[in-house]
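# Structural description and commentary
If you want the building blocks of each chain, they are given just below.
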Amino acid sequence: LPRYAEDALRILEGAGHEAWVVGGFVRDAIMRRPCADIDIASSAPWQEVQRLFEDAGWRTRETGCKHGTITVIREHDAIEVTTFRCDGAYLDARHPDEVTFVRSIEEDLARRDFTMNALAYHPERGLLDPYGGLGDIEAGTIRTVGEADKRFSEDALRMLRGCRFASELDFSIEPETFAAMVRNKGLLGRIAVERVRAELDRLLVGPAAGRVLVDACDAIAAVLPEVVAMKGFEQHTPYHIYDVLEHTARAIDGTAPRLRVRWATLLHDMGKPATFFRDENGRGHFYGHPAVSVAIGRGLLERMLFSSADRDRILALVRWHDDVVPPTPRSVKRLLRRLDGDVELFCDLCELKRGDARGQAPEFSAERIALADALEATLADVLASDEAFSLKQLAVGGSDVLAAGIPQGPAVGSVLEDALQAVIDGEVANDRDALLDFVHRWRDQAYSHK
Ligand code: ATP
Ligand code: MG
């Protein structure tokens, strides 16, 4: 336990209150995982907590007084201190309509979502584990405290938290807990999209994201109905020995846990079921599936309230993941141009290509992984060589084009795009005189009939 947390316990206990470290910190400490935030549960009312800590020279912030929570801060370290409480009835499947403050830590632990989160620790009194959380952590099991149906109908977000923890911690969801998720998944529709999105983000970047997506598909489908068509959908090609959902899951687990790449990987093959057809040899084809994946993905990302910039970048990854790009400087510059010169996005695309390859039959994946690596190596060369791949780098700009007599309007963009293409293709050097000459020729050709 860090010093500041021990001091916080002492401040509360020095005034005659009972106090425990609870929740995620205890769980993560047992698992030897780093944990960002520390929570303390105590018998003191929040006003008393505020007074005690301010007297001791800490700062406090009223973060959730209605629920008995106050944040206490010393230098850069913050702790949330919450009064022992149990939650009243839940009418909206999300927020308790009232909270009741209770006398004992045991009653407080009973309101917590999962056994692994219903642990309390005190440096002198040790671990308090009334629901078998320690055993569940050792076994890697996510199990609700009390009856799962009741706990999920009280607060539907717990279902997504459970899936998210399964991915983050690489745990399995206990069968009865999972069966209750499937029975109650309809309640997820009442959860604010921002909360759903936050849990899905964390689920997707977790180390077991792919496995959880497959294992918990029947529950997750309530918030991502698009995955249903992928489940059990056989691809019937020698490269793809898994169904679309399993392929996607393997690809997700095979990519770096960068949020954008993980979302793109989730979406990258969504268009396959809709574009599937089988040739006379029984082999599967998916002509145009990236464009369909983009269309399905766009709807999904809009629903999940992505900003348009994030959405467009994720969709660019989906759109181009399947294009074969030879690792030559010219092809790399062309691809960079398509990605609006976004170097980071280019690297994300290589990452998606590698993950996609890892999801294929092993005899086909090595070559495609090597190709993605080679693309990144060529990218490094292109960047080091200072060659132009975006309009910003072009030695002429809009004012030069206007000065050459090309009228204000879409023609200005067109001539610059054509000039960039010519530079990338090595037809024109990226220097001012050569490009002005190109612009003049372009103008004469475009407006010769006038
Ligand atoms: P992390 O911080 O990694 O998300 P955590 O377990 O600390 O994990 P928090 O959201 O910080 O999660 O919540 C702290 C504790 O509060 C949890 O460990 C759990 O005991 C309890 N808790 C949080 N959300 C809920 C909920 N929706 N229902 C019941 N208990 C909850
Ligand atoms: Mg926490």
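Source: prediction; values computed, not measured.

## Considerations on the overall build of the protein
- A tally of helices and strands in the protein yields 22 helices and 13 strands.
- Considered along the principal axes of its C-alpha atoms, the protein spans approximately 90 × 60 × 40 Å.
- Put simply, the protein has 450 residues, and 53% of those count as buried.
- Across the protein, every contact between residues at least 6 apart in sequence was considered, and the portion connecting residues at least 24 apart equals 63%.
- By element, 51% of the accessible surface of the protein is carried by carbon and sulfur atoms, the whole surface being about 20300 Å².
- Of the side-chain charges in the protein, 56 are positive and 74 negative, and the distance between the mean point of each set is 2 Å.

## A word on unusual backbone geometry
- One non-glycine residue, Arg32, adopts positive backbone phi at about 55°.
- Note on placement: Arg32 falls in the loop between helix H2 (24-30) and strand S2 (38-42).
- In this structure, Glu75 is a non-glycine residue whose phi angle is positive, near 50°.
- Structurally, Glu75 is set in the loop between strand S4 (69-74) and strand S5 (77-83).

## Notes on the site of ligand 1
- Taken together, 15 residues lie near ligand 1, and Arg27, Asp155, Arg158, Arg161 and Arg164 sit nearest.
- Contacts to ligand 1 include Gly24, whose backbone N or O atom sits 3.3 Å from an oxygen atom.
- Between ligand 1 and the protein, one listed contact pairs a nitrogen atom with a side-chain N or O atom of Arg158 at 2.7 Å.
- Protein chains shield 80% of the accessible area of ligand 1, which is 580 Å² for the free molecule.
- Mapped onto the shell around ligand 1, the elements with two or more residues apiece are H2 and helix H7 (157-169).
- With four residues, H7 is the largest single contributor of residues to the shell around ligand 1.

## Details of helix H1 (residues 3-14)
- For H1, with twelve residues, the first-to-last C-alpha span of 16 Å sits near the 16 Å given by 1.5 Å per residue.
- Every buried residue of H1 is listed here: Tyr4, Ala5, Asp7, Ala8, Leu9, Ile11 and Leu12.
- Considering only its buried residues, H1 is in contact with strand S1 (19-22), S2, helix H3 (46-55), S4, S5 and strand S8 (120-122).
- Of the residues one or two after H1, Gly16 is the one with positive phi, at around 90°.

## Here we look at the pattern of salt bridges
- Counted according to the given criterion, the structure contains 46 salt bridges.
- As a salt-bridge pair, Arg211 and Asp170 come within 2.9 Å of each other at their nearest N and O atoms. Of the two residues, Arg211 sits in helix H10 (residues 209-215) while Asp170 sits in the loop between H7 and strand S11 (172-173), which places them 41 residues apart along the sequence.
- Three or more residues are tied together by salt bridges with common partners; here these are Arg3, Glu6, Asp7, Arg10 and Arg74.

## Quick word on the domain arrangement of the protein
- Assigned domains within the protein: domain 1 (1-139), domain 2 (141-223), domain 3 (225-370) and domain 4 (391-446).
- Of note, the centres of domain 1 and domain 2, computed from C-alpha atoms alone, are 23 Å apart.
- Counting residues at the interface gives 23 residues for domain 1 and 22 residues for domain 2.
- Counting across the interface, domain 1 meets domain 2 through two salt bridges.
- Arg161 is the salt-bridge partner of Asp113, the closest N and O atoms lying 2.7 Å from each other.

Thresholds, definitions, all that
Residues numbered from 1 in each chain as written. Chains lettered and ligands numbered in written order. Predicted model: local features only at pLDDT ≥ 70, side-chain atom pairs only at ≥ 80, totals over all residues. Heavy atoms only, no water. Helix = DSSP H or I, 4+ residues; strand = E, 2+ residues; numbered from the N terminus. Buried < 20%, exposed > 50% of the residue type's maximum accessible area, 1.4 Å probe, protein only. Contact = heavy atoms within 4.5 Å. Areas by Shrake-Rupley, 256 points an atom, 1.4 Å probe, with all protein chains shown as cover. Lys, Arg positive; Asp, Glu negative; His and termini not counted. Charge placed at Lys NZ, Arg CZ, Asp CG, Glu CD. Near = heavy atom within 4 Å. Polar contact = N/O pair within 3.5 Å; in protein donor to acceptor, adjacent residues only side chain to side chain. Expected span 1.5 Å × (residues − 1). Salt bridge = Lys/Arg side-chain N within 4 Å of Asp/Glu carboxyl O. Domains from an automatic or database assignment.

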